[in-house]
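An overview of the molecular structure
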Amino acid sequence: MLPSSFRAYVVNKALNGQVESRVEDRSAEELPPGEVTIAVAYSSLNYKDALAATGHPGVNRVFPHVPGVDAAGTVVQSGVYEWVPGDAVLVTGFDMGANRWGGWAELVRVPQSWVVPLPAGLSLRESMILGTAGFTAGLCVDALQRHGVLPQCGPVVVTGASGGVGSLAVAILAKLGYEVVAVTGKSTAHGLLRRLGACEILPRDAVDDPSGKPMLSGRWAGAVDTVGGNILSTVLRACRHSGCVAACGLAGGNQLTMTVYPFILRGITLAGIDAAWCPLDLRHEIWRRLAGPWKPEGLEALAQFERLDTIQPRIADILAGRITGRVVLEIAAESSAGAAS
Ligand SMILES: NC(=O)c1ccc[n+]([C@@H]2O[C@H](COP(=O)([O-])OP(=O)(O)OC[C@H]3O[C@@H](n4cnc5c(N)ncnc54)[C@H](OP(=O)(O)O)[C@@H]3O)[C@@H](O)[C@H]2O)c1
(Lines give C-alpha, C1' and ligand atoms only; values in the text may rest on other atoms or scores of the structure.)
Protein backbone atom coordinates (compact mmCIF):
# COMPACT_ATOMS: atom_id res chain seq x y z
CA MET A 1 0.00 0.00 0.00
CA LEU A 2 1.22 3.50 -0.83
CA PRO A 3 2.17 5.50 2.27
CA SER A 4 0.74 9.03 2.44
CA SER A 5 4.15 10.61 3.00
CA PHE A 6 7.80 9.74 2.56
CA ARG A 7 11.22 10.99 3.64
CA ALA A 8 13.41 12.55 0.99
CA TYR A 9 16.64 14.51 0.62
CA VAL A 10 15.24 17.78 -0.71
CA VAL A 11 17.30 20.48 -2.43
CA ASN A 12 15.92 24.00 -2.46
CA LYS A 13 17.17 27.25 -3.97
CA ALA A 14 16.38 30.50 -2.13
CA LEU A 15 15.56 33.72 -3.99
CA ASN A 16 19.14 34.90 -3.38
CA GLY A 17 20.40 31.80 -5.20
CA GLN A 18 21.58 30.05 -2.04
CA VAL A 19 21.17 26.27 -2.30
CA GLU A 20 20.00 24.46 0.82
CA SER A 21 19.22 20.83 1.38
CA ARG A 22 17.71 18.78 4.19
CA VAL A 23 15.93 15.51 4.82
CA GLU A 24 12.20 16.11 5.20
CA ASP A 25 8.76 14.50 4.90
CA ARG A 26 6.93 15.08 1.63
CA SER A 27 3.40 14.10 0.63
CA ALA A 28 3.04 11.15 -1.76
CA GLU A 29 0.75 13.44 -3.78
CA GLU A 30 3.85 15.42 -4.77
CA LEU A 31 5.36 12.47 -6.64
CA PRO A 32 5.58 13.08 -10.39
CA PRO A 33 3.32 11.28 -12.87
CA GLY A 34 4.24 7.71 -13.81
CA GLU A 35 2.87 4.20 -13.83
CA VAL A 36 5.17 2.58 -11.27
CA THR A 37 5.82 3.65 -7.67
CA ILE A 38 8.75 2.01 -5.93
CA ALA A 39 9.64 1.78 -2.24
CA VAL A 40 13.33 2.53 -2.44
CA ALA A 41 15.64 0.21 -0.49
CA TYR A 42 18.95 1.56 -1.81
CA SER A 43 20.17 4.41 -3.97
CA SER A 44 23.71 5.62 -4.57
CA LEU A 45 25.95 8.65 -4.99
CA ASN A 46 27.17 9.43 -8.49
CA TYR A 47 29.03 12.51 -9.67
CA LYS A 48 25.83 13.76 -11.31
CA ASP A 49 23.95 13.38 -8.00
CA ALA A 50 26.51 15.61 -6.30
CA LEU A 51 25.91 18.24 -8.99
CA ALA A 52 22.14 17.96 -8.45
CA ALA A 53 22.55 18.14 -4.67
CA THR A 54 24.48 21.39 -5.01
CA GLY A 55 21.94 22.94 -7.40
CA HIS A 56 24.02 22.71 -10.59
CA PRO A 57 21.81 24.08 -13.41
CA GLY A 58 23.27 21.56 -15.86
CA VAL A 59 21.36 18.79 -14.04
CA ASN A 60 18.20 20.46 -12.73
CA ARG A 61 16.67 23.94 -12.75
CA VAL A 62 13.38 23.32 -10.93
CA PHE A 63 13.18 23.37 -7.11
CA PRO A 64 12.43 21.75 -4.74
CA HIS A 65 14.36 18.82 -6.17
CA VAL A 66 15.24 15.30 -5.01
CA PRO A 67 18.57 13.96 -6.41
CA GLY A 68 19.33 10.32 -7.13
CA VAL A 69 19.82 8.88 -10.62
CA ASP A 70 19.69 5.37 -9.11
CA ALA A 71 17.05 3.48 -7.16
CA ALA A 72 16.49 -0.17 -6.27
CA GLY A 73 13.53 -1.43 -4.32
CA THR A 74 10.10 -2.98 -4.42
CA VAL A 75 7.08 -1.95 -6.47
CA VAL A 76 4.33 -0.64 -4.16
CA GLN A 77 1.87 0.62 -6.77
CA SER A 78 1.50 -0.06 -10.48
CA GLY A 79 -0.89 1.08 -13.18
CA VAL A 80 0.30 -1.51 -15.72
CA TYR A 81 0.13 -5.28 -15.80
CA GLU A 82 3.91 -5.65 -16.44
CA TRP A 83 4.68 -4.71 -12.83
CA VAL A 84 2.90 -5.78 -9.66
CA PRO A 85 3.40 -4.81 -6.02
CA GLY A 86 6.25 -6.81 -4.54
CA ASP A 87 8.37 -6.94 -7.71
CA ALA A 88 12.06 -6.30 -7.00
CA VAL A 89 13.25 -3.71 -9.51
CA LEU A 90 15.88 -1.11 -10.27
CA VAL A 91 15.91 2.14 -12.21
CA THR A 92 18.99 4.02 -13.39
CA GLY A 93 19.21 7.21 -15.36
CA PHE A 94 16.67 8.56 -17.85
CA ASP A 95 15.47 11.79 -16.24
CA MET A 96 15.37 10.42 -12.70
CA GLY A 97 17.25 12.65 -10.28
CA ALA A 98 17.59 15.25 -13.06
CA ASN A 99 14.36 16.77 -14.35
CA ARG A 100 12.23 14.58 -12.07
CA TRP A 101 12.54 13.61 -8.44
CA GLY A 102 15.05 10.85 -7.90
CA GLY A 103 16.04 7.96 -5.70
CA TRP A 104 17.30 9.81 -2.60
CA ALA A 105 13.87 9.18 -1.09
CA GLU A 106 11.73 6.44 0.39
CA LEU A 107 9.47 6.55 -2.69
CA VAL A 108 10.13 7.17 -6.36
CA ARG A 109 7.61 7.19 -9.22
CA VAL A 110 8.67 6.59 -12.82
CA PRO A 111 7.28 5.66 -16.26
CA GLN A 112 6.97 1.89 -16.57
CA SER A 113 9.47 1.64 -19.44
CA TRP A 114 12.28 2.88 -17.15
CA VAL A 115 11.92 -0.07 -14.79
CA VAL A 116 14.34 -3.02 -15.01
CA PRO A 117 13.56 -6.27 -13.16
CA LEU A 118 16.24 -7.04 -10.59
CA PRO A 119 18.29 -9.61 -12.51
CA ALA A 120 18.82 -13.05 -10.96
CA GLY A 121 22.25 -13.04 -9.36
CA LEU A 122 22.07 -9.54 -7.86
CA SER A 123 20.60 -8.40 -4.57
CA LEU A 124 19.03 -4.95 -4.37
CA ARG A 125 22.07 -3.90 -2.34
CA GLU A 126 24.53 -5.22 -4.94
CA SER A 127 22.57 -3.59 -7.75
CA MET A 128 23.18 -0.21 -6.14
CA ILE A 129 26.84 -0.90 -5.38
CA LEU A 130 26.94 -1.15 -9.17
CA GLY A 131 24.30 1.52 -9.90
CA THR A 132 24.83 3.95 -12.75
CA ALA A 133 28.59 3.68 -12.23
CA GLY A 134 28.62 -0.08 -12.82
CA PHE A 135 26.14 0.19 -15.65
CA THR A 136 28.33 2.84 -17.30
CA ALA A 137 31.43 0.70 -16.81
CA GLY A 138 29.51 -2.16 -18.44
CA LEU A 139 28.59 0.02 -21.43
CA CYS A 140 32.27 1.00 -21.80
CA VAL A 141 33.38 -2.65 -21.79
CA ASP A 142 30.63 -3.47 -24.29
CA ALA A 143 31.87 -0.65 -26.56
CA LEU A 144 35.44 -1.99 -26.46
CA GLN A 145 34.20 -5.47 -27.35
CA ARG A 146 32.01 -4.19 -30.19
CA HIS A 147 35.02 -2.39 -31.65
CA GLY A 148 37.17 -5.51 -31.54
CA VAL A 149 39.28 -4.65 -28.49
CA LEU A 150 39.56 -8.13 -26.97
CA PRO A 151 41.88 -9.38 -24.19
CA GLN A 152 44.45 -10.72 -26.69
CA CYS A 153 44.78 -7.28 -28.34
CA GLY A 154 46.93 -5.87 -25.55
CA PRO A 155 46.64 -3.70 -22.44
CA VAL A 156 43.61 -1.51 -21.78
CA VAL A 157 43.98 1.64 -19.69
CA VAL A 158 41.31 2.91 -17.27
CA THR A 159 41.51 6.55 -16.10
CA GLY A 160 39.97 7.86 -12.88
CA ALA A 161 40.44 4.24 -11.82
CA SER A 162 39.65 4.66 -8.13
CA GLY A 163 36.29 6.33 -8.80
CA GLY A 164 32.93 4.60 -9.15
CA VAL A 165 32.96 4.01 -12.91
CA GLY A 166 36.73 3.50 -13.01
CA SER A 167 36.98 0.92 -10.22
CA LEU A 168 34.09 -1.11 -11.63
CA ALA A 169 35.59 -0.94 -15.16
CA VAL A 170 38.89 -2.26 -13.76
CA ALA A 171 37.06 -5.10 -11.99
CA ILE A 172 34.96 -6.12 -15.02
CA LEU A 173 37.83 -5.93 -17.51
CA ALA A 174 40.12 -7.95 -15.21
CA LYS A 175 37.40 -10.57 -14.73
CA LEU A 176 37.10 -10.88 -18.52
CA GLY A 177 40.85 -11.51 -18.84
CA TYR A 178 42.07 -8.09 -20.00
CA GLU A 179 45.47 -6.76 -18.98
CA VAL A 180 44.30 -3.65 -17.12
CA VAL A 181 46.43 -0.55 -16.56
CA ALA A 182 44.81 1.63 -13.88
CA VAL A 183 45.50 5.37 -13.76
CA THR A 184 44.86 7.02 -10.42
CA GLY A 185 45.77 10.16 -8.54
CA LYS A 186 45.35 8.36 -5.19
CA SER A 187 48.32 6.43 -3.79
CA THR A 188 45.91 5.07 -1.15
CA ALA A 189 43.93 3.25 -3.85
CA HIS A 190 46.78 1.11 -5.21
CA GLY A 191 46.00 -1.88 -2.97
CA LEU A 192 42.31 -1.85 -3.93
CA LEU A 193 43.10 -1.56 -7.65
CA ARG A 194 45.54 -4.50 -7.43
CA ARG A 195 42.87 -6.57 -5.66
CA LEU A 196 40.37 -5.66 -8.39
CA GLY A 197 42.80 -7.06 -10.94
CA ALA A 198 44.90 -4.16 -12.26
CA CYS A 199 48.26 -5.40 -13.60
CA GLU A 200 49.89 -1.97 -13.57
CA ILE A 201 49.12 1.32 -11.83
CA LEU A 202 50.16 4.68 -13.24
CA PRO A 203 49.97 8.21 -11.82
CA ARG A 204 47.76 10.72 -13.64
CA ASP A 205 50.68 12.61 -15.18
CA ALA A 206 51.67 9.44 -17.08
CA VAL A 207 48.56 9.98 -19.25
CA ASP A 208 48.52 13.79 -19.25
CA ASP A 209 50.90 14.50 -22.13
CA PRO A 210 51.86 18.18 -22.34
CA SER A 211 53.72 17.96 -25.67
CA GLY A 212 50.73 18.58 -27.92
CA LYS A 213 52.13 16.01 -30.39
CA PRO A 214 49.41 14.81 -32.79
CA MET A 215 50.25 11.18 -32.00
CA LEU A 216 52.23 9.39 -29.29
CA SER A 217 53.81 5.95 -29.41
CA GLY A 218 51.10 3.29 -29.30
CA ARG A 219 50.82 1.85 -25.79
CA TRP A 220 47.30 0.53 -25.39
CA ALA A 221 44.74 -1.48 -27.32
CA GLY A 222 41.95 0.54 -25.78
CA ALA A 223 40.84 2.72 -22.93
CA VAL A 224 37.97 3.53 -20.61
CA ASP A 225 38.18 7.25 -19.88
CA THR A 226 36.18 8.81 -17.05
CA VAL A 227 38.22 12.02 -16.90
CA GLY A 228 38.04 13.87 -20.25
CA GLY A 229 40.22 16.88 -21.12
CA ASN A 230 43.91 16.36 -21.89
CA ILE A 231 43.84 12.88 -20.36
CA LEU A 232 41.26 11.79 -22.94
CA SER A 233 43.34 13.44 -25.66
CA THR A 234 46.45 11.62 -24.41
CA VAL A 235 44.90 8.15 -24.38
CA LEU A 236 43.44 8.72 -27.86
CA ARG A 237 46.89 9.75 -29.14
CA ALA A 238 48.59 6.80 -27.39
CA CYS A 239 46.35 3.97 -28.60
CA ARG A 240 47.67 1.35 -30.99
CA HIS A 241 46.22 0.91 -34.48
CA SER A 242 42.47 0.07 -34.51
CA GLY A 243 42.17 0.93 -30.81
CA CYS A 244 39.00 2.16 -29.17
CA VAL A 245 38.52 4.65 -26.35
CA ALA A 246 35.19 4.53 -24.52
CA ALA A 247 34.69 8.07 -23.19
CA CYS A 248 32.10 8.58 -20.48
CA GLY A 249 33.29 11.29 -18.12
CA LEU A 250 34.48 14.81 -17.52
CA ALA A 251 35.80 14.66 -13.96
CA GLY A 252 38.95 16.43 -15.19
CA GLY A 253 37.53 18.64 -17.95
CA ASN A 254 34.99 18.86 -20.75
CA GLN A 255 37.29 20.02 -23.55
CA LEU A 256 38.96 17.83 -26.15
CA THR A 257 41.82 19.46 -28.01
CA MET A 258 43.66 17.32 -30.56
CA THR A 259 44.10 16.68 -34.27
CA VAL A 260 42.27 14.09 -36.36
CA TYR A 261 45.49 12.15 -37.03
CA PRO A 262 44.86 9.28 -34.56
CA PHE A 263 41.50 8.71 -36.25
CA ILE A 264 42.68 8.81 -39.87
CA LEU A 265 46.20 7.35 -39.53
CA ARG A 266 45.58 4.71 -36.82
CA GLY A 267 41.87 3.99 -37.22
CA ILE A 268 41.17 4.89 -33.61
CA THR A 269 37.51 4.92 -32.53
CA LEU A 270 36.18 7.36 -29.97
CA ALA A 271 33.10 5.63 -28.55
CA GLY A 272 30.80 7.99 -26.66
CA ILE A 273 28.91 6.48 -23.73
CA ASP A 274 25.56 7.73 -22.46
CA ALA A 275 24.16 5.61 -19.66
CA ALA A 276 21.14 7.79 -18.90
CA TRP A 277 19.26 7.30 -22.16
CA CYS A 278 20.71 3.91 -23.13
CA PRO A 279 18.16 2.01 -25.26
CA LEU A 280 16.09 -0.61 -23.43
CA ASP A 281 17.41 -3.73 -25.19
CA LEU A 282 21.03 -2.87 -24.48
CA ARG A 283 20.11 -1.73 -20.94
CA HIS A 284 18.56 -5.11 -20.08
CA GLU A 285 21.45 -6.99 -21.68
CA ILE A 286 24.12 -5.06 -19.76
CA TRP A 287 22.29 -5.64 -16.45
CA ARG A 288 22.02 -9.35 -17.29
CA ARG A 289 25.78 -9.49 -17.83
CA LEU A 290 26.53 -7.45 -14.69
CA ALA A 291 24.49 -9.94 -12.67
CA GLY A 292 26.17 -12.94 -14.30
CA PRO A 293 29.41 -13.33 -16.23
CA TRP A 294 30.62 -9.77 -15.60
CA LYS A 295 29.68 -9.56 -11.91
CA PRO A 296 32.76 -8.18 -10.14
CA GLU A 297 34.10 -10.23 -7.24
CA GLY A 298 34.02 -8.65 -3.78
CA LEU A 299 31.46 -5.93 -4.58
CA GLU A 300 30.94 -5.18 -0.87
CA ALA A 301 34.57 -4.16 -0.49
CA LEU A 302 34.03 -1.41 -3.06
CA ALA A 303 31.22 0.26 -1.15
CA GLN A 304 30.79 2.58 1.79
CA PHE A 305 27.28 2.98 3.13
CA GLU A 306 25.50 6.17 4.12
CA ARG A 307 21.94 7.24 4.92
CA LEU A 308 19.98 10.26 3.73
CA ASP A 309 21.00 12.13 6.90
CA THR A 310 24.72 11.23 6.61
CA ILE A 311 25.31 11.71 2.87
CA GLN A 312 26.23 15.43 2.99
CA PRO A 313 30.03 15.13 3.49
CA ARG A 314 30.29 12.54 0.72
CA ILE A 315 28.81 15.06 -1.75
CA ALA A 316 31.76 17.40 -1.29
CA ASP A 317 34.13 14.41 -1.43
CA ILE A 318 32.94 13.20 -4.84
CA LEU A 319 33.02 16.72 -6.31
CA ALA A 320 36.65 16.98 -5.14
CA GLY A 321 37.56 13.56 -6.61
CA ARG A 322 38.18 12.14 -3.11
CA ILE A 323 35.89 9.09 -3.27
CA THR A 324 37.34 5.62 -3.70
CA GLY A 325 34.86 3.07 -5.06
CA ARG A 326 31.15 3.55 -4.47
CA VAL A 327 28.93 5.31 -1.96
CA VAL A 328 25.62 3.49 -1.45
CA LEU A 329 22.60 5.06 0.26
CA GLU A 330 20.70 2.72 2.56
CA ILE A 331 17.14 4.03 2.47
CA ALA A 332 15.16 1.10 3.91
CA ALA A 333 15.83 -2.49 4.91
CA GLU A 334 16.03 -4.96 2.04
CA SER A 335 13.08 -7.31 1.58
CA SER A 336 13.56 -10.99 0.95
CA ALA A 337 12.46 -10.39 -2.68
CA GLY A 338 15.71 -8.53 -3.24
CA ALA A 339 18.07 -11.21 -2.01
CA ALA A 340 20.61 -12.44 -4.55
CA SER A 341 19.77 -15.81 -6.02
N1 LIG B 1 28.37 9.24 -19.76
C2 LIG B 1 27.63 8.70 -18.80
O3 LIG B 1 26.57 8.16 -19.03
C4 LIG B 1 28.15 8.75 -17.40
C5 LIG B 1 27.64 7.89 -16.42
C6 LIG B 1 28.22 7.91 -15.13
C7 LIG B 1 29.26 8.79 -14.86
N8 LIG B 1 29.69 9.64 -15.84
C9 LIG B 1 30.79 10.55 -15.60
O10 LIG B 1 31.95 9.76 -15.38
C11 LIG B 1 32.80 10.45 -14.47
C12 LIG B 1 33.11 9.54 -13.31
O13 LIG B 1 31.92 9.34 -12.56
P14 LIG B 1 32.00 8.62 -11.16
O15 LIG B 1 30.62 8.55 -10.64
O16 LIG B 1 32.84 7.40 -11.27
O17 LIG B 1 32.81 9.74 -10.32
P18 LIG B 1 33.93 9.54 -9.22
O19 LIG B 1 33.62 8.35 -8.38
O20 LIG B 1 34.16 10.84 -8.58
O21 LIG B 1 35.24 9.17 -10.07
C22 LIG B 1 35.95 10.13 -10.81
C23 LIG B 1 37.44 9.87 -10.65
O24 LIG B 1 38.15 10.66 -11.61
C25 LIG B 1 39.39 11.03 -11.07
N26 LIG B 1 39.48 12.51 -11.09
C27 LIG B 1 38.71 13.37 -10.40
N28 LIG B 1 39.07 14.65 -10.68
C29 LIG B 1 40.08 14.56 -11.55
C30 LIG B 1 40.90 15.53 -12.21
N31 LIG B 1 40.73 16.84 -12.02
N32 LIG B 1 41.85 15.09 -13.06
C33 LIG B 1 42.03 13.78 -13.25
N34 LIG B 1 41.30 12.81 -12.66
C35 LIG B 1 40.34 13.21 -11.82
C36 LIG B 1 39.45 10.48 -9.65
O37 LIG B 1 40.03 9.19 -9.73
P38 LIG B 1 41.60 8.93 -9.38
O39 LIG B 1 41.85 9.63 -8.08
O40 LIG B 1 41.68 7.44 -9.28
O41 LIG B 1 42.43 9.50 -10.48
C42 LIG B 1 37.99 10.32 -9.31
O43 LIG B 1 37.83 9.37 -8.30
C44 LIG B 1 32.09 11.75 -14.10
O45 LIG B 1 32.55 12.78 -14.93
C46 LIG B 1 30.64 11.43 -14.41
O47 LIG B 1 29.90 12.59 -14.68
C48 LIG B 1 29.15 9.62 -17.07
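Predicted model, so just to flag it, every value in this text is computed and none were measured.

**Remarks on the overall build of the protein chain**
The number of helices and strands found in the protein chain is 8 helices and 15 strands. The principal-axis extents of the C-alpha atoms in the protein chain amount to approximately 60 × 50 × 35 Å. For the protein chain, the residues scored as buried account for 55% of the 341 residues in total. When contacts within the protein chain are restricted to residue pairs at least 6 apart in sequence, those whose partners lie at least 24 apart make up 71%. Of the accessible surface of the protein chain, which amounts to about 13,900 Å², a share of 52% is contributed by carbon and sulfur atoms. In the protein chain, 28 positive and 30 negative side-chain charges are present, and the distance between their average locations comes to 6 Å.

**With respect to unusual backbone geometry**
Omega for the bond connecting F63 with P64 falls within 30 degrees of zero, at 0°, which places this linkage in the cis form. By secondary structure assignment, the location of P64 is in the loop between α1 (47–53) and β4 (70–78). With phi around 50°, F94 is a residue other than glycine that occupies positive phi space. Inspection of the secondary structure assignment puts F94 in the loop between β5 (88–92) and β6 (107–110). Notably, S242 is not glycine yet its phi reads approximately 70°, a positive angle. The topology assignment puts S242 in strand β12 (residues 239–247). Relative accessible area serves as the criterion here: at 42%, S242 is assigned to the partly exposed category.

**Here's the deal with the pairing of β6**
Residues L107 and R109 of β6 are buried on one face, and the alternating residues V108 and V110, pointing to the opposite face, are buried as well. Bridging between strand β3 (residues 36–45) and β6 involves 4 bridges; their strand directions are antiparallel. The partner of T37 across the bridge, within β6, is R109.

**What to know about the packing of helix α2 (residues 124–146) against helix α7 (residues 280–291)**
Contact pair α2 / α7: the axes reach a minimum separation of 9 Å and the direction vectors enclose 105°. The angle between the axes of α2 and α7 places the two elements in the roughly perpendicular class. Within the contact between the two elements, α2 uses S127, L130, G131, G134, F135, G138, L139, D142, Q145 and R146 and α7 uses L282, R283, I286, W287, R289 and L290.

**Structural notes on the packing of aromatic side chains**
Going through the model one piece at a time under the given rule, you end up with 5 aromatic pairs. An angle of 90° between the planes, with centres 5.6 Å apart, marks the rings of F94 and W277 as edge-to-face. Note that F94 is positioned in the loop between β5 and β6 and W277 in the loop between β13 (269–272) and α7, a separation of 183 residues in sequence. A relative accessible area of 7% means that F94 is categorised as buried. Judged by its relative accessible area of 48%, W277 falls in the partly exposed class. Between W114 and W277, the aromatic rings sit 6.4 Å apart at their centres with planes inclined by 85°, giving edge-to-face as the arrangement. Residue W114 is found in the loop between β6 and β7 (116–117), and its partner W277 is found in the loop between β13 and α7; the two are separated by 163 residues along the sequence. Among the aromatic residues, ring-to-ring pairing joins F94, W114 and W277 into one connected group.

**What about the pairing of β5?**
Judged by how many residues are buried, β5 sits mostly within the fold: 5 of 5 residues are covered. Burial of β5 is two-sided: the residues A88, L90 and T92 facing one way and the residues V89 and V91 facing the other way are all buried. Note: β5 against β7, 2 bridges, orientation antiparallel. Paired with V89 across the strands is P117, a residue of β7.

**Describing the pattern of salt bridges**
Taken as a whole and assessed by the stated rule, the structure comprises 18 salt bridges. Residue E24 is joined to R26 by a salt bridge in which the shortest nitrogen-to-oxygen separation is 2.4 Å. On the accessibility criterion, R26 (13% relative accessible area) is buried. Residue E285 pairs with R289 through a salt bridge whose shortest N-O separation is 2.9 Å. One end of the pair, E285, and the other, R289, are both in helix α7, 4 residues apart, so they sit about a helical turn from each other. By relative accessible area, which is 15% here, R289 ends up buried. One network of salt bridges, in which partners are shared, links D142, R146, E285, R288 and R289.

**With respect to the site of the ligand**
Taken together, 26 residues sit near the ligand, with S162, V165, T184, I273 and A275 positioned nearest. For the ligand, an oxygen atom lies 2.7 Å from a polar atom in the side chain of S162. Within the contact set of the ligand, an oxygen atom lies 2.5 Å away from a side-chain nitrogen or oxygen of T184. In isolation the ligand exposes 920 Å². Once the protein is present, 86% of that is buried. Going through the elements one at a time, α2 and α3 (164–175) are the ones with two or more residues in the shell around the ligand. For the shell around the ligand, a count of residues per class yields 11 nonpolar, 12 polar and 3 charged.

What counts as what
Residues numbered from 1 in each chain as written. Predicted model: local features only at pLDDT ≥ 70, side-chain atom pairs only at ≥ 80, totals over all residues. Heavy atoms only, no water. Helix = DSSP H or I, 4+ residues; strand = E, 2+ residues; numbered from the N terminus. Buried < 20%, exposed > 50% of the residue type's maximum accessible area, 1.4 Å probe, protein only. Contact = heavy atoms within 4.5 Å. Areas by Shrake-Rupley, 256 points an atom, 1.4 Å probe, with all protein chains shown as cover. Lys, Arg positive; Asp, Glu negative; His and termini not counted. Charge placed at Lys NZ, Arg CZ, Asp CG, Glu CD. Pairing = 2+ DSSP bridges. Axes fitted to C-alpha atoms, helices over the stretch in contact; angles between N-to-C directions. Parallel < 35°, antiparallel > 145°, perpendicular 65-115°, else oblique. Phe/Tyr/Trp six-rings, centres within 6.5 Å; stacked < 30°, edge-to-face > 60°. Salt bridge = Lys/Arg side-chain N within 4 Å of Asp/Glu carboxyl O. Near = heavy atom within 4 Å. Polar contact = N/O pair within 3.5 Å; in protein donor to acceptor, adjacent residues only side chain to side chain. Nonpolar A, V, L, I, M, F, W, Y, C, P; charged D, E, K, R; others polar.

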